[in-house]
Amino acid sequence: MGLLILLTSTLLYSYFHPGRVVDAQRLFILKDITLTIEPSKDVKRGTNVSLRCKATVSQSETWELRREYTVYKDNNLIYNKTSISEEILYPLGEARVANSGKYRCEINIDDKPQRPSETQKLTVTGLSKPQLRLNKGVVKEGEEITATCIAPGEMGSFFFYIYEDSNEIKEKQVSSNQAEFKLRFSSVNRRRIHCTYTVLITPYSVKSEESNNVTVSVKELPITIDLDIDPVTRVYEGDQLNILCKVNGLQHSDESVRLLLIQGIQILSSGLTNVSHSMVAQANYAEEFECKFEMGNVVKTATKTISVIELFSAPTLTVSPDEVFQRDDVTLTCKSESYASERLSEDELTYTLDPPQTPQTPSRKGVFSVKSLRIETNYTCVAEAMRIKKRSKTLTVRPKIFVSTPKISVVGRAILGQPVKILCQSDIGSLPINYTLFKDFVEVSTISINRSSQQAHFEVNITSPEDIKQYICEASNNHRHNKQPLSEKLNAIVIVPPSYAELMAVPDESGIYEGDDLYLLCRADGTPPVTFKWYHVGNNLPLYTNTSNDYSSSYQVPSVSKEHNGRYYCEAFNHVNKVVRSEEVTIEVQMVLWKKALIGGFCLLAVSVLVVVCVLCFRSKRVVMDSGAAVSVWTKRPPEEDVAIDEESSMVTKEPDVEYTEVVHPRPVDPARGPADYHDYVSN
């Protein structure tokens with residue numbers, strides 16, 4: 001049981017610690033693994049280079065460990081060896097550019113993988129000079145030769161290039177250090193040939209120097225090309241041409257052959273050794289003929305140029321008059337400007353008009369009268385002589401449309417005292433159209449319209465509303481007619497801005513009483529509709545706004561009161577947006593008469609009450625006694641007052657009269673007198 005536990009723990013430890021090996025007898029650990037490039041990482045071509053992989057291992061006892069070494073270049077395995085030694089040496093030999101790359105070393109100890117070494121980069125510089133070899137130095141036109149380009153002592157993946165006089169002509173990719181090329185030369189000359197190569201090294205390539213130059217002499221084949229044309233001089237348009245093309249000196253060949261007769265870009269005929277062709281000379285054909293022979297990549301040609309004299313020129317079609325309107329009669333003239341008088345007379349030339357169904361009356365040779373054009377028509381004419389026909393260029397006759405009677409109108413609004421824009425326009429009519437504006441039949445100005453997007457706008461000043469009716473306009477697009485259509489007289493409303501505003505109160509401001517209905521009447525001039533606004537001074541917002549087609553409008557204030565006192569004004573404006581303001585009107589609301597009488601009665605009553613109170617207060621006084629000493633004052637009513645009082649008392653009550661009243665006033669004591677001296681007696 002204990003042995004099983006020990007074995008299990010050993011296996012677990014080995015699993016979780018791959019760099020160490022533990023069992024009952026031995027223990028090891030990889031301390032380091034290195035890869036070195038000897039003698040250096042940067043070397044020249046031909047240097048002996050070796051890769052040394054060394055693994056340093058620590059172990060518990062001395063015994064032989066089985067080590068498997070693996071060397072990689074650019075992640076590709078290049079060497080593998082099993083050894084018990086701490087290091088291995090892998091010789092690359094004489095280094096080549098193809099040996100350049102990134103190397104690393106890996107090791108397995110007792111079939112257990114360990115960590116790899118760090119990557120080392122080897123750079124080898126220098127390539128061998130290529131060698132070029134040809135199997136022949138002298139060849140005939142089109143003969144094949146073999147060129148071989150060799151990269152001595154090199155290895156890897158290659159691109160080989162062949163050059164002719166510094167121009168690359170072929171390339172080939174191979175995995176060996178040489179490549180073969182098949183070459184053919186089609187022209188007679190001496191050629192200089194050389195080659196180069198490129199070694200592919202991921203991710204770049206290295207190019208070699210140029211090889212030796214090899215000269216190739218190309219000899220001409222004993223082949224000639226003959227091209228015969230009859231006639232070759234003084235050839236007139238319409239003459240018969242006989243052309244013969246043939247090959248001389250052709251020997252048997254395995255190459256495919258072909259003979260072509262070409263005029264311009266057109267192949268007239270083809271064959272093997274002889275080609276013939278007949279045609280009518282025409283001035284508008286190409287004048288150069290070519291006889292071309294092909295054998296493999298050998299090409300031989302013969303060319304001849306002939307001059308064809310034109311028998312007569314292509315006709316020209318013209319129209320008269322230059323400006324054509326619908327329903328006008330026109331004259332079409334077809335004529336060839338030149339002809340070969342030594343071969344052709346003018347009478348031999350005939351002219352026809354196309355389309356033939358057009359109503360036409362030939363007045364003389366080449367002149368046609370066409371009646372009543374209504375729509376656009378394309379015409380051509382044909383000149384013919386000695387079975388040769390020539391057609392003119394197409395002439396398109398577009399009858400112009402007479403301008404219709406123009407219409408005159410105002411753009412926007414016509415406002416008195418401001419510039420007014422007048423539009424003159426016809427519904428139909430060919431451009432250009434000239435529009436002329438008249439005032440009272442006197443020309444004001446003229447505008448020419450050349451595009452459909454343009455319009456004839458005239459700007460005038462209106463000084464009175466009646467001026468607007470004096471304007472008319474004329475439209476013209478035909479200079480051959482004196483009578484041009486005139487428009488109607490301009491009929492438009494001239495907006496007159498208001499010049500004043502007047503505010504009136506009803507009833508008159510001097511007779512406005514509380515509870516009355518007040519009407520504020522605002523009056524203004526100008527073209528209706530007119531917008532009126534009423535304001536109460538102190539309030540920026542209008543009390544009322546109204547638009548009216550009359551020259552006045554009113555604002556009602558029902559049941560006025562003191563709060564309606566103040567100053568009022570009104571404003572008026574129409575479409576011109578010129579605002580005029582009235583003078584201010586002061587409104588003072590008066591009190592009604594019955595309120596005035598009531599207030600007067602209350603005032604009289606208050607005064608009466610105040611008088612009675614004062615009288616009663618005065619009559620209630622009898623005796624005044626001074627403070628400080630006792631003074632008796634006896635008073636007696638005057639007889640007339642007694643009589644009055646008696647009469648009054650007898651009317652009010654029957655109580656007995658009181659005749660005497662004693663009033664004692666205390667007075668201050670004088671030290672020089674005795675107390676008995678300060679007694680006054682008053683009796684009535």
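The structure presented is a predicted model; accordingly, all values stated were derived computationally and were not measured. (Residues numbered from 1 in each chain as written. Predicted model: local features only at pLDDT ≥ 70, side-chain atom pairs only at ≥ 80, totals over all residues. Heavy atoms only, no water.)

Attention now moves to the overall build of the protein chain. Of the regular secondary structure elements, the protein chain holds 3 helices and 54 strands. Across the 684 residues of the protein chain, 35% fall into the buried class. Long-range pairs, those at least 24 residues apart, make up 62% of the contacts in the protein chain with a sequence separation of at least 6. (Helix = DSSP H or I, 4+ residues; strand = E, 2+ residues; numbered from the N terminus. Buried < 20%, exposed > 50% of the residue type's maximum accessible area, 1.4 Å probe, protein only. Contact = heavy atoms within 4.5 Å.)

The subject of this paragraph is the sheet that holds strand 41 (residues 442-449). Read from one edge to the other, the open sheet built from 3 strands follows the order 41-40-43, with strand pairing classed as antiparallel. Across the chains shown, the open sheet's two edge strands, defined by having one partner strand only, are strand 41 and strand 43 (471-476). Strand-to-strand twist in this sheet, taken as the mean axis angle between neighbours without regard to direction, amounts to 20°. Bridge count for strand 40 (residues 433-439) against strand 41 is 7 bridges, and the pairing is antiparallel. Bridge pairing in strand 41 places Thr-436 opposite Thr-446. (Pairing = 2+ DSSP bridges. Axes fitted to C-alpha atoms, helices over the stretch in contact; angles between N-to-C directions.)

Before going further, it helps to spend a moment on the sheet that holds strand 24 (residues 266-271). If you trace the 4 strands from one edge of the open sheet to the other, you get 24-23-26-27, paired in antiparallel fashion. Pairing within the sheet leaves two strands with one partner each, and these edge strands are strand 24 and strand 27 (298-305). Looking at each pair of strands side by side, their axes are set apart by 20° on average, direction ignored.

What follows is about the UniProt feature "transmembrane region" (unreviewed entry) in the protein chain. UniProt's entry tags residues 597-618 with the feature "transmembrane region" (unreviewed entry), counted in the numbering of this structure. A helix fraction of 100% and a strand fraction of 0% characterise residues 597-618, whose end C-alpha atoms lie 32 Å from each other. (UniProt positions renumbered as here; feature names shortened; annotations may be inferred.)

Turning our eyes to something else, we now look at the confidence of the model for the protein chain. Per-chain confidence: the protein chain averages 82 in pLDDT, with 84% of residues scoring 70 or above. Confidence drops under pLDDT 50 across residues 1-24; counting only partners more than four residues distant or on other chains, this segment forms 18 contacts. (pLDDT = per-residue confidence, 0-100.)

This part is about the state of the cysteines. Disulfide: a covalent bond connecting the sulfur atoms of a pair of cysteines. In the structure shown here, the tally under the stated rule is 6 disulfides. Note on cysteine connectivity: Cys-522 is disulfide-linked to Cys-570, with sulfurs 2.1 Å apart. Taking the sign of the S-S torsion, about 70° here, the bridge from Cys-522 to Cys-570 comes out right-handed. Residue Cys-522 is found in strand 46 (residues 518-524), and its partner Cys-570 is found in strand 50 (residues 566-573); the two are separated by 48 residues along the sequence. Of the two residues, Cys-522 and Cys-570, both sit in the buried class. Of all cysteine sulfurs, the one in Cys-614 lies closest to Cys-617, which takes part in no disulfide; the gap is 6.5 Å. Given the relative accessible area of 45%, Cys-617 is considered partly exposed. (Disulfide = S-S within 2.5 Å.)

Cis peptide bonds are those with omega within 30 degrees of zero, and the linkage from Asp-230 to Pro-231 qualifies with -5°. Topologically, Pro-231 is positioned in the loop between strand 20 (224-230) and strand 21 (235-236). In the segment running from Ser-320 into Pro-321, the intervening peptide bond is cis, with an omega of 0°. Here Asp-74, not a glycine, exhibits a phi torsion of approximately 50°, which is positive.

The subject of this paragraph is the nonpolar core. Counting 26 residues, the largest nonpolar core has Leu-51 and Leu-122 as its most contacted members. When contributions to this core are tallied by element, the ones reaching two or more residues are strand 2 (27-38), strand 4 (48-59), strand 5 (67-73), strand 7 (87-94), strand 8 (101-109) and strand 10 (120-125). Leaving out residues up to four positions away in the same chain, Leu-122 has contacts with Ile-37, Ser-40, Lys-41, Val-43, Val-49, Leu-92, Asn-99, Ser-100, Gly-101 and Tyr-103. With 25 residues, the next largest nonpolar core counts Phe-185, Ile-193, Tyr-197 and Val-216 among its residues. (Core = buried A, V, L, I, M, F, W, Y, C linked by side-chain atoms within 4.5 Å.)

Now for the side chain of Arg-67. In this structure, Arg-67 sits in strand 5. One buried charged side chain, Arg-67, makes no salt bridge at all; its nearest oppositely charged neighbour is Glu-86, positioned 4.7 Å away. For Arg-67, the side chain forms a polar contact with the main-chain oxygen of Ala-55, separated by 3.1 Å. Every residue in contact with Arg-67, bar those within four places of it in the chain, is listed here: Ala-55, Val-57, Lys-81, Thr-82, Ser-83, Ile-84, Ser-85, Glu-86, Ile-107 and Asn-108. (Lys, Arg positive; Asp, Glu negative; His and termini not counted. Salt bridge = Lys/Arg side-chain N within 4 Å of Asp/Glu carboxyl O. Polar contact = N/O pair within 3.5 Å; in protein donor to acceptor, adjacent residues only side chain to side chain.)

This part is about the pattern of salt bridges. Note that side chains of opposite charge can pair when their charged atoms are close. Under the defined criterion, the tally for this structure stands at 22 salt bridges. Between Lys-300 and Glu-141 there is a salt bridge, with its nearest N and O atoms 3.1 Å apart. Of this pair, Lys-300 sits in strand 27 while Glu-141 sits in the loop between strand 12 (138-140) and strand 13 (144-150), and the two are 159 residues apart along the sequence. Here the two residues Lys-300 and Glu-141 agree in accessibility, since each one is buried. Note that Arg-398 and Glu-376 form a salt bridge whose closest N and O atoms lie 3.2 Å from each other. Placement of Arg-398 in the loop between strand 36 (395-397) and strand 37 (407-411) and of Glu-376 in the loop between strand 33 (367-370) and strand 34 (377-385) is noted, with a sequence separation of 22 residues between them. With a relative accessible area of 54%, Arg-398 lands in the exposed category. Among the charged side chains, a network of salt bridges with common partners joins Glu-38, Arg-52 and Glu-87.

Here we take up a nonpolar patch on the surface. Together, Leu-598, Phe-602, Leu-605, Val-609 and Val-613 make up a nonpolar patch on the protein surface, roughly 480 Å² of accessible area in all. For Phe-602, the position within the fold is in helix 2 (residues 593-619). (Patch = residues over 30% accessible without salt bridge, like charges linked within 9 Å, V, L, I, M, F, W, Y side chains within 5 Å. Areas by Shrake-Rupley, 256 points an atom, 1.4 Å probe, with all protein chains shown as cover.)

Once that is clear, we can look at the environment of Thr-303. Tracing the chain through its elements places Thr-303 in strand 27. Given the relative accessible area of 47%, Thr-303 is considered partly exposed. Separated by 14 residues in the primary sequence, Thr-303 and Phe-289 place their C-alpha atoms 5.6 Å from one another. Each residue touching Thr-303, except ones within four places of it in the same chain, is listed here: Leu-227, Phe-289 and Glu-290.

So, on to the packing of aromatic side chains. For the structure shown, the criterion picks out 11 aromatic pairs. With 5.8 Å between their ring centres and 40° between their planes, Phe-160 and Tyr-197 make a pair best called tilted. Taken as a pair, Phe-160 in strand 14 (residues 157-164) and Tyr-197 in strand 17 (residues 189-201) lie far apart in primary sequence, 37 residues in all. Grouping residues by exposure puts Phe-160 and Tyr-197 together as buried. For the pair Tyr-535 and Tyr-569, a centre-to-centre distance of 5.1 Å together with 10° between the ring planes defines the contact as stacked. Here the residue Tyr-535 occupies a position in strand 47 (residues 530-536), and Tyr-569 occupies one in strand 50, the gap between them amounting to 34 residues. Each member of the pair, Tyr-535 as well as Tyr-569, carries the same accessibility label: buried. Three or more aromatic residues joined by ring pairs make a cluster, and in this case those are Phe-532, Trp-534, Tyr-544 and Tyr-555. Over the ring of Phe-312 we find Lys-390; its NZ or CZ atom is 4.9 Å from the centre of that ring. Taking NZ or CZ as reference, Arg-581 lies 3.6 Å from the ring centre of Tyr-569, over its face. (Phe/Tyr/Trp six-rings, centres within 6.5 Å; stacked < 30°, edge-to-face > 60°. Lys NZ or Arg CZ within 6 Å of the ring centre and 35° of its normal.)

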